[in-house]
Amino acid sequence: MAAYMIGRVTKNRDPAWLGEYLEKIGPLFDRHGGKVLCRSLEVNKLEGREAPPEAMVLVEFPDMDHARAWYTDTDYAPLIRLRQSGADTEIELIEWSAASA
């Protein structure tokens, strides 16, 4: 069953990290079967008390194993540190299930 990574930039403290991160993240998604479905710098919040994130990304993986393999890939570790050095982020994985339909 498909798995989805939801990434949120809640606070971009120093945008200097973005260029290198965006250059290198695509090949890592490709390696693990990830497909970017949506990337946005404009999030329209409809409900809730928390401020909307400054940016969001939605990536589809073939399954949860592929999604976890992407996140734990040793080539991704330096990019995690790079992202975290310049931004406050949240990363979640969810899996499609029949109960979701």
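Described below are features of the structure shown in this document. Just so it is clear, the structure is predicted and the values come from calculations on it, not from any experiment. (Residues numbered from 1 in each chain as written. Predicted model: local features only at pLDDT ≥ 70, side-chain atom pairs only at ≥ 80, totals over all residues. Heavy atoms only, no water.)

### Here's the deal with the overall build of the protein chain
Then, number 1: Looking only at helices and strands, one finds three helices and four strands in the protein chain.
Then, number 2: Taken from the N to the C terminus, the helices and strands of the protein chain come in the order β-α-β-β-α-α-β.
Then, number 3: Across its three principal directions, the C-alpha atoms of the protein chain cover 40 × 35 × 15 Å.
Then, number 4: Taking as baseline every contact in the protein chain between residues at least 6 positions apart, the subset at least 24 positions apart corresponds to 79%. (Helix = DSSP H or I, 4+ residues; strand = E, 2+ residues; numbered from the N terminus. Contact = heavy atoms within 4.5 Å.)

### Here's the deal with the packing of aromatic side chains
Then, number 1: Tallying each qualifying case throughout the model produces eight aromatic pairs.
Then, number 2: The interplanar angle of 70° and the centroid separation of 5.8 Å between the aromatic rings of Y71 and Y76 together place this pair among those described as edge-to-face.
Then, number 3: For Y71, a relative accessible area of 32% corresponds to the partly exposed category.
Then, number 4: Using a relative accessible area of 0% as the deciding quantity, one classes Y76 as buried.
Then, number 5: Linked through ring pairs, W17, Y21, F29, F61, W70, Y71 and Y76 together constitute an aromatic cluster. (Phe/Tyr/Trp six-rings, centres within 6.5 Å; stacked < 30°, edge-to-face > 60°. Buried < 20%, exposed > 50% of the residue type's maximum accessible area, 1.4 Å probe, protein only.)

### Regarding the packing of helix α1 (residues 18-31) against helix α3 (residues 77-86)
Then, number 1: Close contact between α1 and α3 brings their axes to 11 Å; oriented N to C, the two are set at 145°. α1 and α3 meet at a crossing whose hand is left-handed. Where α1 approaches α3, its residues E20, Y21, K24, I25 and L28 are matched on the opposing element by L79, L82 and R83.
Then, number 2: Residue composition of the contact of α1 with α3, by class: five nonpolar, no polar and three charged. (Axes fitted to C-alpha atoms, helices over the stretch in contact; angles between N-to-C directions. Left-handed = near helix turned anticlockwise from the far one by under 90°. Nonpolar A, V, L, I, M, F, W, Y, C, P; charged D, E, K, R; others polar.)

### Thoughts on the sheet that holds strand β3 (residues 55-61)
Then, number 1: One open sheet holds the four strands; their spatial order is β2-β3-β1-β4, and the pairing between them is antiparallel. At either margin of the open sheet sits one strand with a lone partner, and together these are β2 (35-40) and β4 (87-95). Averaged over neighbouring strand pairs, the angle between their axes works out to 15° when direction is ignored.
Then, number 2: The pairing of β2 with β3 spans five bridges and is antiparallel. Bridging from a neighbouring strand, V36 pairs with V59 of β3.
Then, number 3: Against the sheet, α3 engages β1 (3-12) and β4, with an angle of about 130° to β4. (Pairing = 2+ DSSP bridges.)

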